[in-house]
Amino acid sequence: MKRPENETLAAVLPYVVWMVLMFALPATAGSYAVRVAAAAGTLLWFGRTPFGPLRWAGLGSLLPGLLVGVAVGVLWIVPEQWAWYRETSLMKLVGLAPATAAEAASPYDPAVCGWPLTLVRLAGSAFVIAPIEEIFFRSFLYRRLQSRDWTNVPLSRVDLSAFLWTVGLFALEHDTRLLAGALAGALYGWLAIRRGLGAAIVAHVTTNLGLGIFVIVTQQWGFW
C-alpha cells in the first residue's frame, strides 16, 4: 500500500505541474504539448495511470458517464450560439465574456501549427488533462476539504460545503465560462459521489473529446 503522502502527491502534483506550466510557458501549440507530457509524466512517475479507476467501473458507471459527458458538452456549446446568452450571461456581466469564433487565428489551428500538434491538443485535453482534473478535484480536493486524512474518506460521502467549494474552484479555473464551469463541476461531482471516480473521468473525457472534435470541425477556436 502506498503511503498517504504519496497518494497526495500523485493526486495533486500533476495538476500543479499543469497549472504552473500554463502560466510559465507561452500560449502555443508546442508549449501545450510540453504541458501535457509533463503532467502525464508526473502522474505516471507516482505509479498512477489516469484511467486506473476505470478498472473498477462497470457498465453502471460507464453509461452514466457518457450521458453526463454529452450533456455537459451540449451545455457548454449550445448557449453560446445564442446572441442573447452572450449578452446577458454571467461572464459578460463580470467582464469575462467568452472568446468567439471571430477572434484571431488560434495557435491550435492546423493551418498555424500543423495537424500533429492539433491532434496533441485534442488528445491531451481529453485523455490526459480531463482525468488529471478529476483526480485532483473530485478524488482529492472534495475529500481533503472534509478531512486531513482524506484517503480514508469515502468518495460517496455527501458533504455540501466541500461539494460547493469544489464546484466553485473548478468554475474559477474556467474563468471565462464561469457558469458553464460551475454546471460542469456540479455534474461531474454529483456523478463521482453517486457512481465513482471512474464515471466522472468518463464524463469529463467525453465532454473534452466531443468539444475538441466540434472545435476542429466548425473551426470555432474560441472554445479552445
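Thresholds applied
Residues numbered from 1 in each chain as written. Predicted model: local features only at pLDDT ≥ 70, side-chain atom pairs only at ≥ 80, totals over all residues. Heavy atoms only, no water. Helix = DSSP H or I, 4+ residues; strand = E, 2+ residues; numbered from the N terminus. Buried < 20%, exposed > 50% of the residue type's maximum accessible area, 1.4 Å probe, protein only. Lys, Arg positive; Asp, Glu negative; His and termini not counted. Salt bridge = Lys/Arg side-chain N within 4 Å of Asp/Glu carboxyl O. Polar contact = N/O pair within 3.5 Å; in protein donor to acceptor, adjacent residues only side chain to side chain. Contact = heavy atoms within 4.5 Å. Phe/Tyr/Trp six-rings, centres within 6.5 Å; stacked < 30°, edge-to-face > 60°. Lys NZ or Arg CZ within 6 Å of the ring centre and 35° of its normal. Patch = residues over 30% accessible without salt bridge, like charges linked within 9 Å, V, L, I, M, F, W, Y side chains within 5 Å. Areas by Shrake-Rupley, 256 points an atom, 1.4 Å probe, with all protein chains shown as cover. 1 Å grid on protein atoms, 1.4 Å probe; cavity = no way out; pocket = protein on both sides within 12 Å on 5 of 7 lines; lining within 4 Å. Points joined across faces, edges and corners; volume = space filled by probe spheres on them. Nonpolar A, V, L, I, M, F, W, Y, C, P; charged D, E, K, R; others polar.

Caption draft 1: Representation of the side chain of Glu 133 in the model. Note that Glu 133 resides in helix H7 (residues 115–144). Despite being buried, Glu 133 has no salt bridge partner; Arg 138 is the closest side chain of opposite charge, sitting 6.1 Å away. A distance of 3.3 Å separates the side chain of Glu 133 from the side chain of His 204, its partner in a polar contact. With residues near it in sequence (within four places) discarded, Glu 133 still touches Tyr 15, Arg 138, Phe 170, Glu 173, His 174 and His 204.

Caption draft 2: Structural context of the packing of aromatic side chains. For the coordinates displayed, the defined rule picks out 12 aromatic pairs. Their ring planes at 85 degrees and their centres at 5.0 Å tell us that Phe 136 and Phe 137 sit as a pair that is edge-to-face. Just as Phe 136 is buried, Phe 137 falls in that class too. An aromatic cluster of at least three residues, connected via ring pairs, comprises Tyr 15, Phe 136, Phe 137, Phe 140, Trp 150, Phe 170 and Tyr 188. Above the plane of the ring of Trp 18 lies Arg 35, whose end atom (NZ or CZ) is 3.9 Å from the centre.

Caption draft 3: Structural view of a nonpolar patch on the surface. Together, Leu 9, Leu 13, Val 16 and Val 20 make up a nonpolar patch on the protein surface, roughly 280 Å² of accessible area in all. You can see Leu 13 is positioned in helix H1 (residues 4–24).

Caption draft 4: Examining empty space enclosed by the protein more closely. In this structure the tally under the stated criterion is 1 cavity of 30 Å³ or more. Computed from the structure, the largest cavity encloses a volume of approximately 50 Å³. Together, Phe 137, Arg 138, Tyr 142, Leu 155, Phe 163, Thr 166, Val 167, Gly 185, Gly 189, Ala 192 and Ile 193 line the largest cavity. For the lining of the largest cavity, the element with the most residues is helix H9 (residues 178–195), which contributes 4 residues.

Caption draft 5: Structural detail: the layout of surface pockets. Considered as a void within the structure, the largest pocket measures approximately 970 Å³ in volume. Surrounding the largest pocket, 34 residues form its lining, Met 22, Arg 121, Glu 173, His 174 and Trp 224 being those nearest its centre. Breaking the lining of the largest pocket down by element, the ones donating at least two residues are H1, helix H2 (29–45), H7, helix H8 (160–173), H9 and helix H10 (197–218). Class assignment for the residues of the lining of the largest pocket results in 19 nonpolar, 9 polar and 6 charged.

Caption draft 6: The side chain of Ser 125, seen in detail. With respect to the element layout, Ser 125 can be found in helix H7. Overall, Ser 125 belongs to the buried group, its relative accessible area being 10%. Excluding its chain neighbours within four sequence positions, the residues that come into contact with Ser 125 are Tyr 32, Ala 130 and Asn 208.

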